[in-house]
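# Fold and geometry: a report
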Amino acid sequence: MQEIALHILDLAENSARAGAKNLRIKVEENTKRDIIQVEIEDDGRGMDENTLKEALDPFFTTKQERRFGLGLAMINQATEQTGGTLEIFSSPNVGTKLKFSFQKSHIDRQPMGDMAGVIMAIVAGNPEMDIEYEHICDDERFSFSTKEIRKILDDIPINRTEVLTFIRKCVYEGLRKIGAET
């Protein structure tokens, strides 16, 4: 994966496969501290101690359809090569929280990528999941919640094409307004 947004999409798909009903994504770009921090938290199945110990091994996976799990290994490598860190907190039947960071100005840091497209894709693929997305850029903040969108929609499905187009535009405009990297 060549963009931070695509790592976030991969991790959100892991949350969905783990049965998460709620997903929280927080991205913070801090120019003064020269850091980009990402937190992703779900209420899915979570991992036991043994699975947690193996989680960064690219040849370990809990998926039945393939015999390797590159997602966490790749994000770990991307953070390490830019002076960042990755932390994983997880408990069975409680959920998983990942915190990872990058040095913002590092020459090898991947670009942020299309977060508006990623949020739209997560909603499209998981219409039943409640998603909270917050993006902070220095002192500016943008937030998005599918719970809030559902209140407006009433009986209209959240994964309808027109709604997804609105979501993408809303997130894109919100990120642009706060000066976030796109």
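Quick summary incoming for the structure in this document. (Residues numbered from 1 in each chain as written. Predicted model: local features only at pLDDT ≥ 70, side-chain atom pairs only at ≥ 80, totals over all residues. Heavy atoms only, no water.)

### Details of the overall build of the chain
Note the threshold: Runs of H or I in DSSP of at least four residues are treated as helices and runs of E of at least two as strands, each being numbered from the N terminus. This radius of gyration counts C-alpha atoms alone. The globule rule is 2.2 Å times how many residues there are, raised to the power 0.38. Think of it in three bands: with a 1.4 Å probe and only protein chains considered, a residue is buried below 20% of the maximum accessible area for its type, exposed above 50%, and partly exposed in between. Two residues form a contact once any of their heavy atoms are found within 4.5 Å.
Counting secondary structure elements, the chain contains six helices and six strands. Ordering the α and β elements of the chain from the N terminus gives α-β-β-α-α-β-β-α-β-β-α-α. For 182 residues, the compact-globule estimate of 2.2 N^0.38 gives 16 Å, and the chain sits close to it at 16 Å. Principal axes of the C-alpha set define a box for the chain whose edges measure 45 × 40 × 25 Å. In the chain, which comprises 182 residues, the share counted as buried stands at 47%. Within the chain, counting contacts between residues at least 6 apart in sequence, those at least 24 apart form 62% of the total.

### As for helix 4 (residues 115-125)
Of all the positions in helix 4, only Met-115, Ala-116, Gly-117, Val-118, Ile-119, Ile-122 and Val-123 are classed as buried. Here the buried face of helix 4 lies against helix 1 (4-17), strand 1 (22-30), strand 5 (130-137), strand 6 (140-145), helix 5 (146-153) and helix 6 (161-178).

### Re the pairing of strand 4 (residues 95-103)
Strand residues, when the strand is regular, have side chains that alternate between the two faces of the sheet. So the rule is basically this: A pair of strands counts as paired when DSSP detects no fewer than two bridges linking them.
Here strand 2 (residues 35-42) runs beside strand 4; their pairing, made up of eight bridges, is antiparallel. Residue pairing in the sheet places Gln-37 in a bridge with Ser-101 of strand 4. Inspection of the sheet shows strand 3 (residues 86-91) paired to strand 4 by six bridges, in the antiparallel sense. Within strand 4, the residue paired with Ser-91 across the bridge is Gly-95. Counting the residues that bridge the hairpin from strand 3 to strand 4 gives three residues, and of these Asn-93 lies at a positive phi of roughly 65°.

### Looking at the pairing of strand 5
Most of strand 5 sits inside the fold, with seven of its eight residues counted as buried. In this antiparallel pair of consecutive strands, strand 5 and strand 6, the connection spans two residues, and Asp-138 shows a positive phi of 55°.

### Looking at the packing of helix 4 against helix 6
Stated formally: Note on geometry: axes are C-alpha line fits, over the in-contact stretch for helices, and angles between N-to-C directions span 0 to 180 degrees. In this scheme, a crossing is called left-handed if the near helix is turned counterclockwise away from the far one by less than a right angle; it is called right-handed if the turn is clockwise. Any residue that is not Ala, Val, Leu, Ile, Met, Phe, Trp, Tyr, Cys, Pro, Asp, Glu, Lys or Arg is counted as polar, Gly included; the first ten are nonpolar and the last four charged.
For the pair helix 4 and helix 6, interaxial distance at closest approach is 8 Å and the crossing angle is 145°. Between helix 4 and helix 6 lies a crossing whose hand is right-handed. In this structure, helix 4 contributes Met-115, Ala-116, Gly-117, Ile-119, Met-120, Val-123 and Ala-124 to the contact, and helix 6 contributes Leu-164, Ile-167, Arg-168, Val-171, Tyr-172 and Leu-175. Considering only residue class, the contact of helix 4 with helix 6 consists of 11 nonpolar, one polar and one charged.

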